[in-house]
Amino acid sequence: MSFARASRCVVSILLAGSANAGTTWWVDIAAAPGGNGTQAAPLRSIQSAIDRSQNGDTVLVAPGVYHERLDYVLRSIRVASTDGAAVTTIRGDRDGSVVRLKGGQPILEGFTVENGSGNVVPGTWKTRGGGVLFDDTVSGLVIRCVIRGNYADEGDGVGALLARGVVYDSVIEHNGGPGTPGYCQSGDNGGGAYGAGTLWLAECTIRSNNASIEGGGAYRALLDRCIVEGNRAAEGAGVSRCLVFDSIVQGNVSSSCDGSLSWGGGALYSELLRCQLLYNSTGEAGGGAAFSTLRSTRVSENSVRYADFWMNLGRGGGTFECTLEDCVVDFNTIFDTAMEIVGSLSGDEPPLKNERAVRNAWQAYTKLADEYYDPGHFTTIMGFEWTAIGGY
């Protein structure tokens, strides 16, 4: 069975399980105090409804902003909003994971989850799952949610801990980043999601997340039909140590906190099948991908930003040290201090000239030279940087 088909089966099974008969508990932040959880007298807290529920029950939540953290406390229940994530928010207090899914088949559906900081992983000092934490679940599910503005050491948006789970048809965005406490010192992996090898992300958009080390978009996760874009990390800005199928990985940037060089703009130590790696960039090697296996994948218009072939820096605008099968690799570039643009490079093969990139880059350089040429002050251009020649 293919991974794509398997993931669809898992999601279908979980959704079918959510239809089991049980008690429905109603929650409305705008309701009068003293409710008993019926539709006529809703509770005001989601956690209070969870605490009263039993396996197979459903908790339905009216629109509003709920300032609380949820813990499923080993219950296989469905917690769902009545009107969707756009109008229903669970906002944490930056004192742990906003939602902790624990138990057999817990389901969270239709919420925006924000302002979490992750739970401490037992036996360590690290936190995991800033927004949502799958903790010892058999088959948890997050569906049609927006997970944003959270942070943790591992999995700023979503994390898995000794658990199996699926995040389906959701948006994971703006998690982690330089504005979070201890960002550059934390050893942060998985800005969007940290899967520990047991988390599936299906039909999700994972964008604008940050990790200080690896996997700005996702780390050690399985991705199916996802869009991974605009994420940042020191290495593997899009995905790191992931299995990725039928997905678009684009516009991710590898850039380290301390300014040191970086690897794998789109993918690092990952396997990709029927994917597109587009417009990703890195500092040192593998603008599209590094140390990865790519099959039936397009690698196009990726780049390495800094190159110095005398110092052995700047390799593989498209791929570096990758295994490629039935791939298209074109229009990738390395920006060299000697004003040479070279195309995709795999392993130790000689660089391939990309005539279109050379022409476009040369035109850009000469335009800058004409605009800023000032004899006696700025007379030399190397790459993107003007060099002042004092006294001449």
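These numbers were taken from a predicted model, which means no experiment stands behind them. (Residues numbered from 1 in each chain as written. Predicted model: local features only at pLDDT ≥ 70, side-chain atom pairs only at ≥ 80, totals over all residues. Heavy atoms only, no water.)

One pair of aromatic rings is described through two measures. These are the centre distance and the angle between the planes. Within the structure shown, the criterion is met by five aromatic pairs. Note on Trp263 and Phe320: the rings are 5.6 Å apart at their centroids and 50° apart in plane angle, and the pair reads as tilted. Of this pair, Trp263 sits in the loop between β29 (253-254) and β30 (267-268) while Phe320 sits in strand β38 (residues 319-320), and the two are 57 residues apart along the sequence. What makes Trp263 buried here is its relative accessible area of 18%. Ring pairs connect the aromatic residues Trp263, Tyr269, Phe291 and Phe320, which therefore count as one cluster. (Phe/Tyr/Trp six-rings, centres within 6.5 Å; stacked < 30°, edge-to-face > 60°. Helix = DSSP H or I, 4+ residues; strand = E, 2+ residues; numbered from the N terminus. Buried < 20%, exposed > 50% of the residue type's maximum accessible area, 1.4 Å probe, protein only.)

Below, the discussion takes up the environment of Asp57. Mapped onto the elements of the fold, Asp57 is located in the loop between α2 (46-52) and β2 (58-61). Look at Asp57 and you get buried, because its relative accessible area is 6%. Counting along the chain gives 18 residues from Asp57 to Arg75, while the straight-line C-alpha distance between them is 9.0 Å. Setting aside anything within four residues of it in sequence, one finds Asp57 in contact with Gly22, Thr23, Trp25, Ile77 and Arg78. Here Thr23 takes part through its backbone nitrogen, which lies 2.9 Å from a polar atom of the side chain of Asp57. Engagement of the side chain of Asp57 in a polar contact is seen with the backbone nitrogen of Gln54, the distance being 2.9 Å. (Contact = heavy atoms within 4.5 Å. Polar contact = N/O pair within 3.5 Å; in protein donor to acceptor, adjacent residues only side chain to side chain.)

Glancing now at the nonpolar core. Membership of the largest hydrophobic core comes to 53 residues, with the highest contact counts inside it found for Ile46, Val79, Val99, Leu108, Phe134, Leu201 and Leu223. When contributions to this core are tallied by element, the ones reaching two or more residues are β1 (24-27), α2, β2, β7 (99-101), β12 (132-135), β15 (158-161) and β19 (199-202). Element by element, the count of residues in this core is highest for α2, at three residues. In this structure, Val99 is in contact with Leu70, Tyr72, Ile90, Leu108, Val113, Gly131, Val132 and Leu133, ignoring residues within four places of it in sequence. Counting residues in each nonpolar core, the second largest holds six residues, with Leu141, Ile143, Tyr168 and Ala202 among its members. (Core = buried A, V, L, I, M, F, W, Y, C linked by side-chain atoms within 4.5 Å.)

Overall, the prediction assigns the chain a mean pLDDT of 82, with 74% of residues at 70 or greater. Scored below 50 in pLDDT, residues 307-312 makes 15 contacts in the model with residues more than four places away or belonging to other chains. Across residues 377-392, where pLDDT falls below 50, the model places 34 contacts with residues more than four positions away in sequence or in other chains. (pLDDT = per-residue confidence, 0-100.)

If you walk across this open sheet you meet the eleven strands as β3-β6-β9-β14-β17-β20-β24-β28-β32-β36-β40, and the pairing is parallel. Where the open sheet ends on each side, the last strands, each with one partner, are β3 (64-67) and β40 (328-330). When strand polarity is set aside, the average angle formed by the axes of neighbouring strands in this sheet is 10°. (Pairing = 2+ DSSP bridges. Axes fitted to C-alpha atoms, helices over the stretch in contact; angles between N-to-C directions.)

So, on to unusual backbone geometry. Of note in this structure, Ser208 is not a glycine but carries a positive phi near 55°. On the secondary structure map, Ser208 appears in the loop between β20 (205-207) and β21 (210-214). One non-glycine residue, Phe291, lies in positive phi territory at about 50°. For Phe291, the position within the fold is in the loop between β34 (289-290) and β35 (293-295). Take Phe291: its relative accessible area is 31%, and that puts it in the partly exposed class.

As a further point, take the side chain of Asn280. Residue placement: Asn280 occurs in the loop between β32 (276-278) and β33 (281-282). Overall, the relative accessible area of 1% leaves Asn280 in the buried class. Separated by 2.9 Å, the side chain of Asn280 and the backbone nitrogen of Asn252 make a polar contact. With residues up to four places along the chain from it excluded, the contact list for Asn280 reads Val249, Gln250, Gly251, Asn252, Gly265, Gly266, Gly287, Glu301, Asn302 and Ser303.

Residue alternation in strand β13 (residues 140-143) divides its side chains into two sets, Gly140 and Val142 and Leu141 and Ile143, and both sets are buried. By the bridge criterion, three bridges tie strand β8 (residues 107-109) to β13 in an arrangement that is parallel. In the strand pairing of β13, Leu108 is matched with Val142. One ladder, built from four bridges, connects β13 with strand β16 (residues 165-168); its direction is parallel. Within β16, the position partnered with Gly140 by the bridge is Gly165.

The subject of this paragraph is the pairing of strand β5 (residues 78-81). Sheet topology note: the β2/β5 ladder contains four bridges and is parallel. The residue of β5 that forms the bridge with Val59 is Val79. When β5 meets β8, the two strands line up parallel, connected through three bridges. Each bridged residue has a counterpart across the sheet, and for Val79 the counterpart in β8 is Leu108.

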